[in-house]
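Spelled out, the chains give:
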Amino acid sequence: MARILITSALPYINGIKHLGNLVGSQLPADLHARYMRARGHEVMFLCATDEHGTPAELAAAKAGQPVADYCAEMHEVQAQLARGFRLSFDHYGRSSSPQNHWLTQHLAGRLADAGLIEEVTERQVYSIADGRFLPDRYIEGTCPNCGYERARGDQCENCTKQLDPTDLINPRSAISGSTDLEVRETKHLYLRQSAMRGKLNDWIDSKTDWPILTTSIAKKWLNDGEGLQDRGITRDLDWGIPVKKGDADWPGMEGKVFYVWFDAPIEYIACAAEWAAANGRSEADWRRWWRTDEGADDVRYVQFMGKDNVPFHTLSFPSTIMGSGEPWKLVDYIKSFNYLNYDGGQFSTSQGRGVFMDQALSILPSDYWRWWLLSHAPESGDSEFTWENFQASVNKDLADVLGNFVSRVTKFCRSKFGETVPEGGAWGDREAALVAGLSDRIAAYARQMEAIEIRKAAAELRAIWVMGNEYLQEAAPWTVVKSDPAAAAAVTRLALNLAALYAVLSEPFIPDAAETLREAFGLDRLAWPASAEAALSRLAPGQPFRVPDVLFAKISDDDRAEWQIRFAGTR
RNA sequence: GGGCCUGUAGCUCAAUUGGUUAGAGCAGAGCGCUCAUAACGCUUUGGUUGCAGGUUCGAGUCCUGCCGGGCCUACCA
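Scoring rules and cut-offs
Residues numbered from 1 in each chain as written. Chains lettered and ligands numbered in written order. Predicted model: local features only at pLDDT ≥ 70, side-chain atom pairs only at ≥ 80, totals over all residues. Heavy atoms only, no water. pLDDT = per-residue confidence, 0-100. Helix = DSSP H or I, 4+ residues; strand = E, 2+ residues; numbered from the N terminus. Contact = heavy atoms within 4.5 Å. Near = heavy atom within 4 Å. Polar contact = N/O pair within 3.5 Å; in protein donor to acceptor, adjacent residues only side chain to side chain. Nonpolar A, V, L, I, M, F, W, Y, C, P; charged D, E, K, R; others polar. Phe/Tyr/Trp six-rings, centres within 6.5 Å; stacked < 30°, edge-to-face > 60°. Buried < 20%, exposed > 50% of the residue type's maximum accessible area, 1.4 Å probe, protein only. Pairing = 2+ DSSP bridges. Right-handed = clockwise from strand over helix to strand, strands pointing away. Domains from an automatic or database assignment. Buried area = accessible area lost by both parts, 1.4 Å probe. Salt bridge = Lys/Arg side-chain N within 4 Å of Asp/Glu carboxyl O. Axes fitted to C-alpha atoms, helices over the stretch in contact; angles between N-to-C directions. Parallel < 35°, antiparallel > 145°, perpendicular 65-115°, else oblique. Left-handed = near helix turned anticlockwise from the far one by under 90°.

## Digging into the confidence of the model for chain A
Interpretation of this model should avoid reading the predicted coordinates in detail wherever pLDDT is low.
In step 1: Model confidence for chain A is summarised by a mean pLDDT of 91, while 98% of its residues fall at 70 or above.
In step 2: The element-level mean pLDDT for chain A is lowest in strand β7 (residues 151-152), coming to 78, with helix α8 (residues 283-290) highest at 98.
In step 3: Reported for the predicted complex are a pTM of 0.95 and an ipTM of 0.90.

Put into structure tokens, the structure is as follows:
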């Protein structure tokens, strides 16, 4: 039995995430966690809301709430949605937790002691009306290059020229529109990532099995221009983790907080401490997952994230870990994803374009979304959600191939033998062939799941479902029953077992349907099959079962058309 | 501007890393079945692998150029 530590990129606290966010991190992480648990491994699956930063402050202000209250509320909303999608976190934490405050300050102190922190005085734009420093992209003005009037302080979206906020003509605050701006000096801490460059490079080079998407982004940042740049890890904000050197004050940094990208990954660790606190566990219980000197040396750590997160997970966070000089667990495998587009364009939070997690659950159960999203995960390139494709895939795969199989088997049995597993008859060549074919397919499915090749795994699972229909068609118990009831009973018994097996194999993708089947067949738990042969004899003759309700109702053309309009955006 | 990814059947994607005749699912066509959510099974149509060159006994795969799509480019997270 192995020990697998799994983290999903932390969803930002600001608002409800769309399906593209979901499929890029939390959902595939959940698939992996469920599969590894099913295989009997010890799993620690952690996620949390990422709560600091300017957008959180602004969203709270817009909602007319203190930022702490806003975050607490939004955390609950997101936690509820996570439950709705059956994301099986061992703990869903908060980057604003006391544990993260402590650990972030502790690690910053360690980095300072190691000489990896530099104090830099810089000049930043301050908005007097807003009473705050403005990040570059929160300053708008006229582009000096092309004259576009809504250029941002970091880059002009019209001509793509990189800008400095002071380049802008008629600069104004993007928050209030105020032009009462001035440049002020402010001091910040920088993490000397450049000093870690060689170490990081060697480390990345050693990860030959990582997705190209992951390593190519890391390499680019390591080698681009003058190489990896130092990075500011503090900000002039009220909401965040106060800058301290361990327990001690940090002279000159009063009133400042750590940058959200510094403290967010540290929450991966702190989240485990939250888990322990929330479950009455000891310090040692969580540290055995994270400290290689306290039991984590045999842990395999896998991270899931969208491609935009890769630099922080391949370079910044490892710099923090390595630079601390303490034996915290480094990531072993990073699974990164491209983007999911929506019907010919991007998902857009501001324009309400696309499907958001709450809306998705309001129209269909989570299994539908889980299946489509995972079986179309943007692994090799960006992928696209269209309602036509969603309707076709879900109706065919879930309703026809899987759902109808369960339906025809259980209803046939009920009408000919009653609602108990029939006895009598024996397996013949056809059953032996099925066992052999199934063994191969299950092995292939397991291989893809181990490799976290999600679309390929989904295709294998679907092929396993298809085998049930093929078998039934060939065995034709509805004909055989007329002349040889015992033979028909054997076929039916095997087919019922097949349905029960599907519950086990499908659980990582569609946990609710798996649970429905588990109950229908009176199984106490969903144990991974030791062999196809054994799995197909699991339900004993005479054992009662229930005919489950329709597992997956089909999506009608009317529904599809209505949703297509409802989620088109520009609301 | 620089970099990375990508282009394969009407659609969504494969192709054991250079190896026989480029494969699946969906959609389409035909046949079969009647247990089942008008579901299922079998058969089948469909490709100058974006374009043009090159390397090689052999190229979807490697090289060069062009065309198209996408992403990143460090103070949003």
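Picking up where we left off.
## Description of the environment of Ile-16
In step 1: Structurally, Ile-16 is set in the loop between β1 (3-8) and α1 (19-38).
In step 2: Between the C-alpha atom of Ile-16 and that of His-75, which follows or precedes it by 59 residues, the distance is 10.0 Å.
In step 3: Dropping the residues within four chain positions of it, Ile-16 is found in contact with Met-74, Val-77, Leu-81, Phe-356, Met-357 and Asp-358.

## Things to note about the protein's contact with RNA strand B
In step 1: The environment of RNA strand B is formed by 54 residues, the closest being Gln-124, Arg-137, Gln-346, Asp-382 and Asn-404.
In step 2: Restricting the count to atoms of RNA strand B within 4 Å of the protein gives a sugar and phosphate share of 68%.
In step 3: Between Asp-136 and RNA strand B, the recorded distance is 2.9 Å, taken from a side-chain N or O atom to a sugar or linking oxygen.
In step 4: Top element by residues in the surface near RNA strand B is helix α12 (residues 387-417). It accounts for ten residues.
In step 5: Taken together, the residues that form the surface near RNA strand B break down as 17 nonpolar, 17 polar and 20 charged.

## Comments concerning the packing of aromatic side chains
In step 1: In total, this model carries 27 aromatic pairs according to the counting rule given.
In step 2: For the pair Tyr-342 and Phe-385, a centre-to-centre distance of 5.8 Å together with 10° between the ring planes defines the contact as stacked. Of this pair, Tyr-342 sits in strand β17 (residues 340-342) while Phe-385 is found in strand β18 (residues 383-385), placing the two residues 43 residues apart along the sequence.
In step 3: Given the relative accessible area of 1%, Tyr-342 is considered buried.
In step 4: Assessed through its relative accessible area of 0%, Phe-385 is described here as buried.

## Considerations on the pairing of strand β2 (residues 42-49)
In step 1: With respect to burial, β2 is a largely interior element, seven of its eight residues being buried.
In step 2: By the bridge criterion, five bridges tie β1 to β2 in an arrangement that is parallel. By the bridge assignment, Arg-3 is partnered in β2 with Glu-42.
In step 3: Between β1 and its parallel partner β2, the chain crosses via α1, and the hand of that crossover is right-handed.
In step 4: Alignment of β2 against strand β3 (residues 91-94), held across four bridges, turns out to be parallel.

## Some words on the domain arrangement of chain A
In step 1: Splitting chain A by domain gives domain 1 (3-114 + 196-224 + 259-337), domain 2 (117-191) and domain 3 (400-535).
In step 2: Taken together, the contact pairs ten residues of domain 1 with six residues of domain 2.
In step 3: When the area that domain 1 buries against domain 2 is broken down by residue, the three leading residues are Thr-54, Leu-58 and Leu-111, summing to 59%.
In step 4: Scanning the region where domain 1 abuts domain 2 turns up one salt bridge.
In step 5: Across the domain 1-domain 2 interface, the total number found is one residue pair in polar contact (both at pLDDT 80 or more).
In step 6: When residues of the side of domain 1 that touches domain 2 are traced back to their parent elements, those giving at least two are α2 (54-62), α4 (98-113) and α9 (310-324).
In step 7: Per-element tally for the side of domain 1 that touches domain 2: the top contributor is α2, with four residues.
In step 8: Taken together, the residues of the side of domain 1 that touches domain 2 break down into five nonpolar, four polar and one charged.

## Some thoughts on α2
In step 1: When α2 is considered as a whole, its buried residues turn out to be Thr-54, Ala-56, Glu-57, Leu-58, Ala-59 and Ala-60.
In step 2: Buried residues along α2 sit against α3 (67-84) and β5 (132-133).
In step 3: Two residues or fewer past α2, Gly-64 is found with a positive phi of approximately 70°.

## A word on the packing of helix α7 (residues 260-278) against α8
In step 1: Running from amino to carboxyl end, α7 crosses α8 at an angle of 150°, the nearest separation of the two axes being 8 Å. Relative to α8, the element α7 lies roughly antiparallel. Here α7 and α8 pass one another in a crossing that is right-handed. Listed contacts from α8 to Tyr-268, Ile-269, Ala-272, Ala-273, Trp-275 and Ala-276 of α7 are Asp-285, Trp-286 and Trp-290.
In step 2: Residues of the contact of α7 with α8, tallied by class, amount to eight nonpolar, no polar and one charged.

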